[in-house]
Amino acid sequence: MVSKSYSNLLELASGESPTFGRIGRRMPRIMTVAGLISDVDDDKSESVCSEVSSSSVQRDRIIIVANQLPIRAQRKSDTSKGWIFSWDENSLPLQLKDGLGDDEIEVIYVGCLKEEIHPNEQDEVSQILLETFKCVPTFLPPDLFSRYYHGFCKQQLWPLFHYMLPLSPDLGGRFNRSSWQAYVSVNKIFADRIMEVINPEDDFVWIHDYHLMVLPTFLRKRFNRVKLGFFLHSPFPSSEIYKTLPIREEILRALLNSDLIGFHTFDYARHFLSCCSRMLGLSYESKRGYIGLEYYGRTVSIKILPVGIHMGQLQSVLSLPETEAKVAELKTQFCDRGRIMLLGVDDMDIFKGISLKLLAMEQLLIQHPEWQGKVVLVQIANPARGRGNDVKEVQAETSSTVKRINEAFGKPGYKPVVLIDEPLKFCERIAYYVVAECCLVTAVRDGMNLIPYEYIISRQGNEKLDKVLGLDSSVPKKSMLVVSEFIGCSPSLSGAIRVNPWNIDAVADAMDCSLEMAEPEKQLRHEKHYKYVSTHDVGYWARSFLQDLERTCKGHLRQRCWGIGFGLSFRVVALDPNFKKLSVEYIVSAYKRTTTRAILLDYDGTLKPQASIDKSPNSKSIEILNSLCRDKNNMVLIVSAKSRKTLADWFSPCEKLGLAAEHGYFLRSKQDTEWETLVPVADSSWKQIAEPVMKLYTETTDGSTIEDKETSLLWCYEDADPDFGSCQAKELMDHLESVLANEPVTVKSGQTFVEVKPQGVSKGLVAKRLLSTMQEREMLPDFVLCIGDDRSDEDMFEVITTSMEGPSIAPRAEVFACTVCRKPSKAKYYLDDTVEIVRMLQGLASVSEQNISVDFLKDKR
């Protein structure tokens, strides 16, 4: 298979002879000096035009990007220079590849090494890692890495994502601009390394975790159609916590440059979606089980699936002789002496709740003295990944608590708490799982935490371990879990005893319950957990994510894409091939060529921004409308949901302007004519039913209001909390549809409102009436312009587009149905905002003014 690389595309664009073949087969360029940029490099020369044609190619390569490569590096002996490299089998990216189990899929890794490599050795190391392990190392200067990882990642993002606000300098790191710049710089360096090995038309890129959250922007900027997935392995905080981050919008917009964003739990995804709604005004939809966000024409999918463990690796470790020996040792140390082991395995950091677990153990021994001398809590404390005063405080508190408990309840030959704060081999940790009667995970906040999964598989064991433990292999296995409500794996472990780790008494009771529970129930709980964990392993997770990524990216080649915005505000606008941005030059040219014109304009959100406090038209809009109306070739109509009194007052200076009020129920062709109704006058007795219902929701929804019009009722929640307002609007819709089922009205929802209006009323009626009136006067329009911004305007778009084939519009007429912003619409054109619309109308008005001046001079002669 022949694939074009990023550099090949540049050669094609420059007219040079392209070179073919896999870029991954050659030595990549090496960045040996990683500079610091002030924020984001905005050199547009880096952006590759996304209009380059490509044939659809079957997926055959994945680039997995993580902060660290799945590689162990060890310096050779002093007598010879160089390094020894080996796979890190505990690394999730490596387990992910094994889980896929498909030899036809090539995997490239991009990330940092744990060890610092001297610049003189970087070229050689890069070549070895690429040729032997298909790894592309990212080399970072120590100072930059420190500010990026220990500074921004561990002191700012990590605490905040675990709900720890920097209320004082001691509680998490305050926002530091230098650390943020280092974070952005490192993400850009990663992008540079990826672009050296990517085949952008074919490859899938999968980015992992919070270390690289702005990387999607750099990749999307380089190639607009890159197939990009991101998975967050930590919690995502609620909007109340997240919005305290000074660069909150930059990170959200960067993540939205992905095609698929994955989270472990629905709670984390819900918090992310809430942030997008509250801070960016984006709403999501769920279609056939898939959650998606519309972002500038692109659909960003949301995936909710917890990661699993590597079953093959764990089972192979269970079969090791070293594991069997350690299990035999622990059996002698605990089981043969009548001790029951409770086990905790946690990193030594402030969020793992180690001290709370120890306090619960102390409470258990106080409340249930019968367990003294029998129960032992073994706490394995893995070395901390971060560094700082908080880690030292946790270490000191843990040691002092363990000492106090052992002094109070210990006896010769018995310590109620055994603290292991030295690094353990994986097989040794597995041995502790095998022997432990119950595993305790009491983190106060954690991402996924796979400790319970590892414990369940270890307790299932194998025949050799059963012999070591003296168990009958035919007897069902058992295990017990006490897990915190605040960890990602909790929802998937329905048989565990879930606890609030802050409630010491409740945790102590859960420990007692796990010890007292009947054997058959322990076996049933274990069986349920084992069935889930063994089928939802890391391979299942990886395959599911990549299948969704492939599904999300299927439409890439069918869209026209281009990038807009600077820095981290960069985003890609994706358009249907038949949906175009309206060119002002083109429509002005068409306007000049035509002689009979129909112009229909929505008001709110079209001529005036929705967010405006003063809704009345400004002098500039009035001037433009008057210029258009004075042109004898034009019929201009404002079509609005506003009442006729409001429209009449606002547009009183426009004598020749037509007005359609309340979605077209009332119509007036110009100021000196009477209002007419487009549908038979309706009975408004239904308002006596609907208004009390709306008042109830107004009282319970702060910021909502009711607007009583002549023929309709509108409930608006524009100033209410967006999430609560949207929820209340859905409830109100159901309520009104129920109580008004037998009334001649329809209930419609729109952007921040719910409206009840007579049946048959729509803006489409206004468009039909205008075209039929012009036809009766033998004024077939050869220019039709219709602009609107919401669902109610779609009826107008439909009428004028379908009329193109009928007798009410001149043959070969110029027809422009235009919506505001890029969104699903029956319109063929769009403009970005009200500013562009007014600018376009001003261009048309200028042409009319010129025509009026010419006619005036002709009449004067």
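Here the structure is a predicted model, which is why all the values come from computation and not from measurement.

Quick word on the overall build of the chain
Item 1. Assigned secondary structure in the chain consists of 27 helices and 32 strands.
Item 2. Counting only C-alpha atoms, the chain reaches 120 × 75 × 50 Å along its principal axes.
Item 3. A buried classification covers 56% of the 861 residues belonging to the chain.
Item 4. Within the chain, contacts between residues at least 6 apart in sequence are counted, and of these 72% link residues at least 24 apart.
Item 5. Just so you have it, the chain exposes about 37,800 Å², and 49% of that area is on carbon and sulfur atoms.

Topic: the packing of helix α4 (residues 142–161) against helix α5 (residues 177–197)
Item 1. Two elements in contact, α4 and α5, have axes separated by 8 Å at closest approach and are oriented at 115 degrees. By the criterion of interaxial angle, the relationship of α4 to α5 is roughly perpendicular. In this structure, α4 crosses over α5, and the sense of that crossing is left-handed. Residue-level contacts link L144, R147, Y148, G151, F152, C153, Q156 and L157 of α4 to S178, S179, W180, A182, Y183, S185, V186, N187 and I189 of α5.

What about empty space enclosed by the protein?
Item 1. All chains considered together, the criterion is met by 1 cavity of 30 Å³ or more.
Item 2. Roughly 30 Å³ of internal volume is contained in the largest cavity.
Item 3. Forming the boundary of the largest cavity are L607, S621, I624, L625, V838 and L841.
Item 4. At the level of elements, α21 (619–630) and α27 (834–860) are the ones that each hand at least two residues to the lining of the largest cavity.
Item 5. The dominant element in the lining of the largest cavity, judged by the number of residues it contributes, is α21, at 3 residues.

Let's talk about the state of the cysteines
Item 1. In the structure shown here, the tally under the stated rule is 0 disulfides.
Item 2. With no disulfide of its own, C112 lies closest to C153 among cysteine sulfurs, the gap being 10 Å.
Item 3. In this model C135 remains outside any disulfide bridge; the closest cysteine sulfur is found in C112, 12 Å from its own.
Item 4. Residue C135 is classed as buried on the basis of its relative accessible area, which comes to 0%.

So, the sheet that holds strand β28 (residues 745–750)
Item 1. Sheet architecture is open: 4 strands sit in the order β26-β27-β29-β28, paired in antiparallel fashion. Two strands in the sheet have a free side with no partner beyond their single neighbour: β26 (705–708) and β28. The average undirected angle you get between the axes of adjacent strands in this sheet is 15 degrees.
Item 2. Looking at chain direction, β28 and strand β29 (residues 753–758) are connected through 6 bridges and run antiparallel. Across the sheet, the residue bridging to G750 is F753, located in β29.
Item 3. Packing of helix α23 (residues 687–700) onto the sheet brings it into contact with β26, β27 (713–716) and β29, and relative to β27 it is tilted by some 10 degrees.

As for the packing of aromatic side chains
Item 1. The tally for this structure, following the rule as stated, stands at 33 aromatic pairs.
Item 2. With 4.9 Å between their ring centres and 85 degrees between their planes, Y295 and Y296 make a pair best called edge-to-face.
Item 3. What links up through ring pairs into an aromatic cluster is the set F145, Y148, Y149, F152, F175, W180 and Y183.
Item 4. Here the guanidinium or amino end of R644 rests over the ring plane of F666, the centre of that ring lying 4.0 Å away.

With respect to the sheet that holds strand β15 (residues 438–441)
Item 1. One open sheet accounts for 6 strands, arranged β14-β13-β12-β15-β16-β17; its pairing is parallel. Each having just a single partner strand, β14 (417–420) and β17 (497–499) make up the two edges of the open sheet. The average undirected angle you get between the axes of adjacent strands in this sheet is 20 degrees.
Item 2. As paired strands, strand β12 (residues 340–347) and strand β13 (residues 375–382) are joined by 8 bridges and run parallel to one another. Within the sheet, the bridge partner assigned to D347 lies in β13 and is N382.

Notes on the pattern of salt bridges
Item 1. Summed over all chains, the structure comprises 47 salt bridges.
Item 2. Across the pair D832 and K581 runs a salt bridge, and its minimum N-O distance is 2.7 Å. With D832 in the loop between β32 (829–831) and α27 and K581 in strand β20 (residues 580–581), this residue pair connects regions lying 251 residues apart in the sequence.
Item 3. Look at K581 and you get partly exposed, because its relative accessible area is 34%.
Item 4. Members of the salt-bridge network, linked through shared partners, are E437, R459, K478, E519 and K522.

Regarding helix α20 (residues 584–593)
Item 1. Regarding α20, the residues found buried are I587, V588, A590 and Y591. Viewed along the axis of α20, the buried residues span an arc of 160 degrees, placing them on a single side of the element. Those residues of α20 that are exposed and aimed more than 90 degrees away from the buried face are E585 and K592.

Thoughts on the pairing of β26
It is a general feature of regular strands that their side chains alternate between the two faces of the sheet.
Item 1. Pairing between β26 and β27: 4 bridges, direction antiparallel. Following the sheet pairing, E707 is matched in β27 by L714.
Item 2. In sequence, β26 turns back onto β27 through a hairpin of 4 residues.

Concerning the packing of helix α15 (residues 451–460) against helix α18 (residues 519–535)
Item 1. At a minimum axis separation of 10 Å, α15 and α18 run at an interaxial angle of 110 degrees. In this view, α15 runs roughly perpendicular relative to α18, as classed from their interaxial angle. Where α15 crosses over α18, the handedness of that crossing is left-handed. Contacts between α15 and α18 involve Y453, I456, I457, R459 and Q460 from the former and H526, H529, Y530, Y532, V533 and S534 from the latter.
Item 2. Classifying every residue of the contact of α15 with α18 by side-chain character gives 6 nonpolar, 4 polar and 1 charged.

What counts as what
- Residues numbered from 1 in each chain as written.
- Predicted model: local features only at pLDDT ≥ 70, side-chain atom pairs only at ≥ 80, totals over all residues.
- Heavy atoms only, no water.
- Helix = DSSP H or I, 4+ residues; strand = E, 2+ residues; numbered from the N terminus.
- Buried < 20%, exposed > 50% of the residue type's maximum accessible area, 1.4 Å probe, protein only.
- Contact = heavy atoms within 4.5 Å.
- Areas by Shrake-Rupley, 256 points an atom, 1.4 Å probe, with all protein chains shown as cover.
- Axes fitted to C-alpha atoms, helices over the stretch in contact; angles between N-to-C directions.
- Parallel < 35°, antiparallel > 145°, perpendicular 65-115°, else oblique.
- Left-handed = near helix turned anticlockwise from the far one by under 90°.
- 1 Å grid on protein atoms, 1.4 Å probe; cavity = no way out; pocket = protein on both sides within 12 Å on 5 of 7 lines; lining within 4 Å.
- Points joined across faces, edges and corners; volume = space filled by probe spheres on them.
- Disulfide = S-S within 2.5 Å.
- Pairing = 2+ DSSP bridges.
- Phe/Tyr/Trp six-rings, centres within 6.5 Å; stacked < 30°, edge-to-face > 60°.
- Lys NZ or Arg CZ within 6 Å of the ring centre and 35° of its normal.
- Salt bridge = Lys/Arg side-chain N within 4 Å of Asp/Glu carboxyl O.
- Arc of directions from axis to C-beta.
- Nonpolar A, V, L, I, M, F, W, Y, C, P; charged D, E, K, R; others polar.

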